[in-house]
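A look at the structure
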Amino acid sequence: MRIGYLEDEYSQSELVKSWLMGEGFSVTHASTGRGFISLLADNPVDLLILDWQLPDMEGVEVLCSVRDQLNSDVPVVFATQRDAESDIITALEAGADDYLVKPLNKGELLARLNALARRSGMSTGESRIRLGPIVLDTVSQTITSNGHPVKLTPKDYQLACCMLKNEGKLLSRDYLLREVWGIDASLNTRTVDVHVSRIRRSLNIGPEIGYCIKTVYQHGYRLEKIDKIDNVVPAD
Ligand code: CA
């Protein structure tokens, strides 16, 4: 996988580059927004990691340039020191696919990149998806937990499928509503909340199995692995 990486802080970028290259990824790195945009014109990449605060531009401006000038739909992850909800919403509305809050954690970064890569077409096409004790079989359309079938209503099954297939990916309520219920003006996003709560209970998703469904304020949900705290680096 070819990764475009924008980060102005030297020790941070050297460390993250070493993690990425250690995974066999190629890295196109720049430390300024303008430098990055011109570099990308000649160096195609599969995924972008963008810093939020740069000496010459805001990361969100870089994102808009990438989307407009390069006409690119490449997946984008923001790495930001700020975790203010308004900043995160701004980035997501500008077209970012996901975000990470600094200090970055190696395991979390790689898990998010791999999840995004899978979603953007590098899918293995497997019919079985396993998360801890939970197994989704998309051929028989069943979900088991510790080998026991889990009874779900058809909508809950579809919602569970959507979340299990998108492990690590932030899914908005609107996206889930469209995917599971189709466009239906009579439904509101509260419906999603009710069904997500039911799935959490039915599948026993929680620390005991090493996964959680995280609620992202005013936005949606992410089914994610609960990682050990390791490889933490200081923010720039
Ligand atoms: Ca920075």
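Residues numbered from 1 in each chain as written. Predicted model: local features only at pLDDT ≥ 70, side-chain atom pairs only at ≥ 80, totals over all residues. Heavy atoms only, no water.

Turning our eyes to something else, we now look at the packing of aromatic side chains. How two aromatic rings sit relative to each other is given by the distance of their centres and the angle of their planes. Considering all chains together, one arrives at one aromatic pair under this definition. Sitting over the face of the ring of Tyr99, Arg222 holds its NZ or CZ atom 5.8 Å from the ring centroid. (Phe/Tyr/Trp six-rings, centres within 6.5 Å; stacked < 30°, edge-to-face > 60°. Lys NZ or Arg CZ within 6 Å of the ring centre and 35° of its normal.)

Let's shift gears to the nonpolar core. Formed by 28 residues in total, the largest nonpolar core has its most connected members in Ile143 and Ile205. Counting residues per element, the ones that place at least two in this core are strand S7 (134-137), helix H6 (154-165), helix H7 (173-181), helix H8 (189-202), strand S11 (211-216) and strand S12 (220-225). Judged by nonpolar contacts, the second largest core, of 25 residues, contains Val45, Val66, Val74 and Ile88. (Core = buried A, V, L, I, M, F, W, Y, C linked by side-chain atoms within 4.5 Å. Buried < 20%, exposed > 50% of the residue type's maximum accessible area, 1.4 Å probe, protein only. Helix = DSSP H or I, 4+ residues; strand = E, 2+ residues; numbered from the N terminus.)

Glancing now at the sheet that holds strand S4 (residues 76-80). The parallel open sheet is built from five strands, whose spatial order is S2-S1-S3-S4-S5. The sheet is open, and its two edges are formed by strand S2 (26-30) and strand S5 (98-101), each paired on a single side. Shown here is a sheet whose adjacent strand axes are inclined to one another by a mean of 20°, direction ignored. Relative to S2, strand S1 (residues 2-6) is paired through five bridges, and the arrangement is parallel. For Leu6, the partnering residue across the bridge sits in S2 and is Ala30. (Pairing = 2+ DSSP bridges. Axes fitted to C-alpha atoms, helices over the stretch in contact; angles between N-to-C directions.)

Across all of its chains, the model carries zero disulfides by this definition. Cys161 provides the cysteine sulfur closest to Cys162, a residue in no disulfide bond, and the two sulfurs are 8.3 Å apart. (Disulfide = S-S within 2.5 Å.)

All right, on to helix H2 (residues 33-42) then. When H2 is considered as a whole, its buried residues turn out to be Gly33, Phe36, Ile37 and Leu40. Looking straight down H2, one finds that the buried residues subtend no more than 100° of arc, so they occupy a single side. Residues of H2 that are exposed and point over 90 degrees away from its buried face: Arg34, Ala41 and Asp42. Buried-residue contacts for H2 involve S1, S2, strand S3 (47-51) and helix H3 (59-69). (Arc of directions from axis to C-beta. Contact = heavy atoms within 4.5 Å.)

This next bit is on the pattern of salt bridges. Evaluation of the coordinates by the stated rule reveals 15 salt bridges. The partner of Lys169 in a salt bridge is Asp97, and the shortest N-O contact between them spans 3.9 Å. One end of the pair, Lys169, is in the loop between H6 and strand S10 (171-172); the other, Asp97, is in the loop between helix H4 (85-93) and S5, and 72 residues separate them in sequence. Its relative accessible area of 23% is what places Asp97 among the partly exposed residues. Notably, a salt bridge pairs Lys214 with Glu224, separated by 3.9 Å at the nearest N-O pair. One end of the pair, Lys214, is in strand S11; the other, Glu224, is in strand S12, and 10 residues separate them in sequence. (Salt bridge = Lys/Arg side-chain N within 4 Å of Asp/Glu carboxyl O.)

Of the residues in the protein, 89% have a pLDDT of 70 or more, and the chain-wide mean is 85. Counted against residues more than four places away or in other chains, residues 229-236, with its pLDDT under 50, gives 28 contacts. (pLDDT = per-residue confidence, 0-100.)

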